[in-house]
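Structural overview
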Amino acid sequence: MSCEKAESLLHGYLDGELDAVGATEFERHVQGCPDCTRELDAQRSLRSHLREADLYAPAPPSLRRMIHERVAPLPSGGAASAPRPGRWRWLAAAAVVTLLATVPWLALRETRPGAAEDPLAAAALDAHLRSLQVGHLTDVVSTDAHTVKPWFDGKLSYSPPVVDLAAEGFPLIGGRLDVVDGRTVVALVYGRRKHVLSVFVWPSDGTPEAAPRAGARLGYGWIEWTHAGMRYWVVSDVAPAEREEFSRLLRR
Amino acid sequence: MEPAEAQEGPSLLSDAERQRFEQLVLPHLDSAHNLARWLLRTEADAQDVAQEALLRALRFFPGFHGGDPRAWLLTIVRNASYTWLESHRRGGNTEEFDEERHGEPGASPEAQAIARADRERLRDALERLPTRFREVLILRELEGCSYKEIAEITAVPLGTVMSSLARARRRLQRILIGPAREETPP
């Protein structure tokens, strides 16, 4: 492969968009080419700076509230009949008091309805949070997929796919059994800097193949899909881009 | 393509459709705001445009038949943002970048220079990129979109996404390693 060719493929490689053959050829070239190695390093460094610089601009609460009022007016009709401007001040003051008094309750209510309406999403999130709270991340601690996978043998009637993503920046931490929505499932745990990603896997039992669907709640985001007879739920508080990338790597 | 403006749209949806909208589209509100914020470069404009795009999405929702809801919503956000940019032309920042004229980046010191780039410098450099380059970078690096999704959202052939990203990243590198302040267009 020429440097020119390698240069044209570098970004596809960096973005995980080359097929296996293309990626292998590219890697072979880079191993023997200091110039291309330097360029790849420079691009990786640029990427990690972009992702770590906290540039993501999530919707502010005011926008979220406005949209929710338009899309899902409360049944009481409060949102439909907008109060006159003069009354807003009092309502705002009252809202602050209520807010201060009920922060935890509000945190639960002020979720994105996608998750609130979806009991499975809620269950997967709960399982993830529980594992963080009780310090019960893993039953089998290993960065080696070949250790983690056999650990599940005999404990379940199915064998979960376990992949090694350390090279992509998501080292495997281990696995455990967990319960999601009343069924025993495989939980695989991966790391990303100081963050944890949980992957819950169980047989789809006839659920048709489904493209990834994402949502978020309480600062945690999830992505779920169904593939090859298995359902997958990824839950984590990493940046949305990293969650997407991680899920894409799992589906590869 | 989006249909022409409907009148008071939101009330046209049935409860079931509204609920579907909540489940499929609303979870991507952050993405909608993030893209608008980076295309428009100010928070106030981003809120206005994101809100308008969401309401437009709500009206067009009966026409959404499967597919990726995030890409669908972001397409609407992008269109709304470009419409806004055109009607509030701020001049200068949408010009095509001329690779020939600017040449290739020097090979060695960029990694270290970029390592020094803090958040503000990165933000500043991103905002000085032409809009078309900025959007592919935001979609790829902040939203984690695949090339296929980027092609869908930005309405370009899949084959050109990689080269757009390559040019955008080279341009960003050049701004970061260049003289502390590159001349800004008047």
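Residues numbered from 1 in each chain as written. Chains lettered and ligands numbered in written order. Predicted model: local features only at pLDDT ≥ 70, side-chain atom pairs only at ≥ 80, totals over all residues. Heavy atoms only, no water.

Looking now at helix α8 (residues 119-133) of chain A. The end-to-end C-alpha distance of α8 of chain A, which contains 15 residues, comes to 21 Å, matching closely the 21 Å that a straight helix rising 1.5 Å per residue would cover. Among all positions in α8 of chain A, only Leu120, Ala121, Ala122, Ala123, Ala124, Leu125, Ala127, His128, Leu129 and Ser131 of chain A are buried. (Helix = DSSP H or I, 4+ residues; strand = E, 2+ residues; numbered from the N terminus. Expected span 1.5 Å × (residues − 1). Buried < 20%, exposed > 50% of the residue type's maximum accessible area, 1.4 Å probe, protein only.)

A word on the sheet that holds strand β3 (residues 183-192) of chain A. Residues and elements named next belong to chain A. Across the sheet, which stays open at both edges, the 7 strands sit in the order β1-β2-β3-β4-β7-β6-β5 with antiparallel pairing between neighbours. On the outer flanks of this sheet lie β1 (140-141) and β5 (210-217), each paired with one strand and no other. By the bridge criterion, 8 bridges tie strand β2 (residues 172-180) to β3 in an arrangement that is antiparallel. What sits directly across from Leu177, in β3, is Val186. α8 rests against β2, β3, β4 (195-203), β5, β6 (220-227) and β7 (230-236) of the sheet, and its axis sits at about 125 degrees to β2. (Pairing = 2+ DSSP bridges. Contact = heavy atoms within 4.5 Å. Axes fitted to C-alpha atoms, helices over the stretch in contact; angles between N-to-C directions.)

On to the packing of aromatic side chains. The way to describe two aromatic rings as a pair is by their centre distance and the angle between their planes. Scanning the model with the defined rule gives 10 aromatic pairs over all chains in all. A connected cluster of aromatic rings, assembled from ring pairs, spans Phe21, Phe61, Phe64 and Trp72 of chain B. The ring of Phe170 of chain A is capped by Arg192 of chain A, whose NZ or CZ atom sits 4.2 Å from the centre of that ring. It is Arg37 of chain B that lies over the ring of Trp38 of chain B; its NZ or CZ is 4.8 Å from the centre. (Phe/Tyr/Trp six-rings, centres within 6.5 Å; stacked < 30°, edge-to-face > 60°. Lys NZ or Arg CZ within 6 Å of the ring centre and 35° of its normal.)

All right, on to the confidence of the model for chain A then. Interpreting fine coordinate detail is not advised for predicted regions of low pLDDT. Residues and elements named next belong to chain A. The predicted model of chain A averages 80 in pLDDT, with 81% of residues at 70 or higher. When pLDDT is averaged over each helix and strand of chain A, the minimum, 38, is found for helix α6 (residues 103-109) and the maximum, 93, for β7. Between residues 74-88, whose pLDDT stays under 50, and residues either more than four places distant or in other chains, the model counts 5 contacts. Segment residues 98-116: pLDDT under 50, and 24 contacts once partners within four positions in sequence are set aside and those in other chains are kept. (pLDDT = per-residue confidence, 0-100.)

The next point concerns the interface of chain B and chain A. In this assembly, 53 residues from chain B lie in contact with 46 residues from chain A. When chain B packs against chain A, the two sides together hide about 4,500 Å² of surface, and 58% of this comes from carbon and sulfur. Interface area lost by chain B to chain A is led by Asp30, Glu141 and Arg169 of chain B, which between them contribute 13%. Linking chain B to chain A there are 7 salt bridges. Where chain B meets chain A, there are 20 residue pairs in polar contact (both at pLDDT 80 or more). Elements represented by at least two residues in the side of chain B that touches chain A include exactly α1 (15-24), α2 (29-40), α3 (43-60), α6 (110-116), α7 (119-128), α8 (131-142) and α10 (161-177) of chain B. No other element matches α10 of chain B, which puts 8 residues into the side of chain B that touches chain A. For the side of chain B that touches chain A, the residue count by class is 25 nonpolar, 12 polar and 16 charged. (Buried area = accessible area lost by both parts, 1.4 Å probe. Salt bridge = Lys/Arg side-chain N within 4 Å of Asp/Glu carboxyl O. Polar contact = N/O pair within 3.5 Å; in protein donor to acceptor, adjacent residues only side chain to side chain. Nonpolar A, V, L, I, M, F, W, Y, C, P; charged D, E, K, R; others polar.)

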